[in-house]
Amino acid sequence: MRVVTTAQPLDVQPTPLALLMLGREADTGSERGVDCPGDLPSPSDPDLVERARAAKEKLGDKVFILGHHYQRDEVIQFADVTGDSFKLAKDAAARPGAEYIVFCGVHFMAESADILTSDDQAVVLPDLAAGCSMADMATAEQVAECWDVLTDAGIAEQVVPVSYMNSSADIKAFTGKYGGTICTSSNAKKALEWAFEQGEKVLFLPDQHLGRNTAVRDMGLTLEDCVLYNPHKPNGGLTVEELRAAKMILWRGHCSVHGRFSVESVNDVRARIPGVNVLVHPECKNEVVSAADFVGSTEYIINMLEAAPAGSKWAIGTELNLVQRLANRFADQDKEVVFLDKTVCFCSTMNRIDLPHLVWTLESLAEGNLVNRIEVERETEQFAKLALERMLSLP
């Protein structure tokens, strides 16, 4: 990661990572970006909602706004469609007439939309600092070094890379180049089944928990079949023997939100709410998934609650914006929905997309100024699209 410093000396120097998370500096080689260029409206401006409506109305069919499930309600209200990252990227591709695709999500999602949409369409991210800590945990350089380690161990030809949708375009391109596929939290089992038909081992990037949970919970592999590759240690912290014996080589990455849920959280909510159903995302740790009643993607979570009977109680282990939205949505159906953890935890980077950034984006576009465009380099796009198309062809 490129080291950055502040312009003015401070008594306590913030780290480059802290500055990037705050959107105050730039690192074009990571999922984190830069702060918003231009003057943002004040969050206290009472006319923000009306300004957003007016700018969107002025743009008309030229703009198509995508809203990820984890976005704030103040932003979601202006989304033309909502969903998870891959659904939204496909929705964008299905709207070739929209000149501007405004993606209210994070950087890797906007990259995927750019890969799947036409060259005539511009994908825009309202705040370039809206990145993804999980995607940042696997860089192109680190993954190339990992492949060298696998080659030196004599097993690279047996390994098929499978990368989670929550990865950068560079990682998706690596996956496509080396014969692998992309997966979502909904189709990870299908992707792994396909991969094991192509080779004897899988390199799963970048979320260790989704890879481990899918292999062990859904496919009957054991925890002993899985090894954890740490890019910060020589040879990933693994011996040649461990690599050769493994079936699943898991990258040491995780979701900062889902990784915080614990078995203690599960036990606590069961004690507080008798009869509660615990429903968690597969990005949670294996022991949390094992302790839960139900496990599935964001779409699965929504569908489960829609089908749930009145009077049922649910503790949800996923991002808080979605949980709060579901709690409000189903309150009048006498369905109790609570956050699994006692501690409030939003996705900090997802929450960077707020109403002032959306207003600034829409007003800029309405004035003919293209801002915050996300463009994937041509060769990267070619191989990344190949990996995505392999996923789309899965049975």
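The coordinates are above.
Residues numbered from 1 in each chain as written. Predicted model: local features only at pLDDT ≥ 70, side-chain atom pairs only at ≥ 80, totals over all residues. Heavy atoms only, no water.

Caption draft 1: Here's a closer look at the sheet that holds strand β14 (residues 373–374). Pairing within the open sheet is mixed, and its five strands lie in the order β2-β1-β3-β4-β14. The open sheet terminates on both sides in strands that have one partner only, identified here as β2 (81–83) and β14. Packing against the sheet, helix α16 (residues 355–366) makes contact with β1 (63–68), β3 (100–104) and β4 (122–124), and its axis sits at approximately 175° to β3. (Pairing = 2+ DSSP bridges. Helix = DSSP H or I, 4+ residues; strand = E, 2+ residues; numbered from the N terminus. Contact = heavy atoms within 4.5 Å. Axes fitted to C-alpha atoms, helices over the stretch in contact; angles between N-to-C directions.)

Caption draft 2: Main features of the pattern of salt bridges. With the rule as written, the count across this model stands at 16 salt bridges. Measuring nitrogen to oxygen at the nearest pair gives 3.8 Å for the salt bridge that ties Glu99 to Lys62. Taken together, the residues span a long stretch of sequence, with Glu99 in the loop between α4 (85–93) and β3 and Lys62 in the loop between α2 (48–59) and β1 at a distance of 37 residues. With a closest N to O distance of 3.0 Å, Lys87 and Asp91 form a salt bridge. Linking Lys87 with Asp91, this pair stays in helix α4, spanning four residues, or about one helical turn. Overall, the relative accessible area of 31% leaves Lys87 in the partly exposed class. (Salt bridge = Lys/Arg side-chain N within 4 Å of Asp/Glu carboxyl O. Buried < 20%, exposed > 50% of the residue type's maximum accessible area, 1.4 Å probe, protein only.)

Caption draft 3: Structural context of unusual backbone geometry. Here the residue pair Leu205 and Pro206 is connected by a cis peptide bond, since its omega of -20° sits within 30 degrees of zero. Along the chain, the position of Pro206 falls in the loop between β7 (201–205) and α10 (208–218). Positive phi is not limited to glycine here, since Asn235 has a value of about 55°. Given a relative accessible area of 45%, Asn235 falls into the partly exposed group. Even without a glycine there, the phi angle at Asp334 is positive, about 60°. Locating Asp334 in the fold gives a position in the loop between α15 (320–330) and β13 (336–339).

Caption draft 4: Quick look at helix α12 (residues 263–272). Turning to α12, its buried residues number three or more, namely Ser265, Val266 and Val269. Each buried residue of α12 sits inside an arc of 100° when the element is viewed along its axis, so together they form one side. Structural note: α12 exposes Glu264 and Ala271 on the side pointing more than 90 degrees away from its buried face. Taken together, the buried residues of α12 touch β10 (277–280), α13 (286–291), β12 (313–317) and β13. (Arc of directions from axis to C-beta.)

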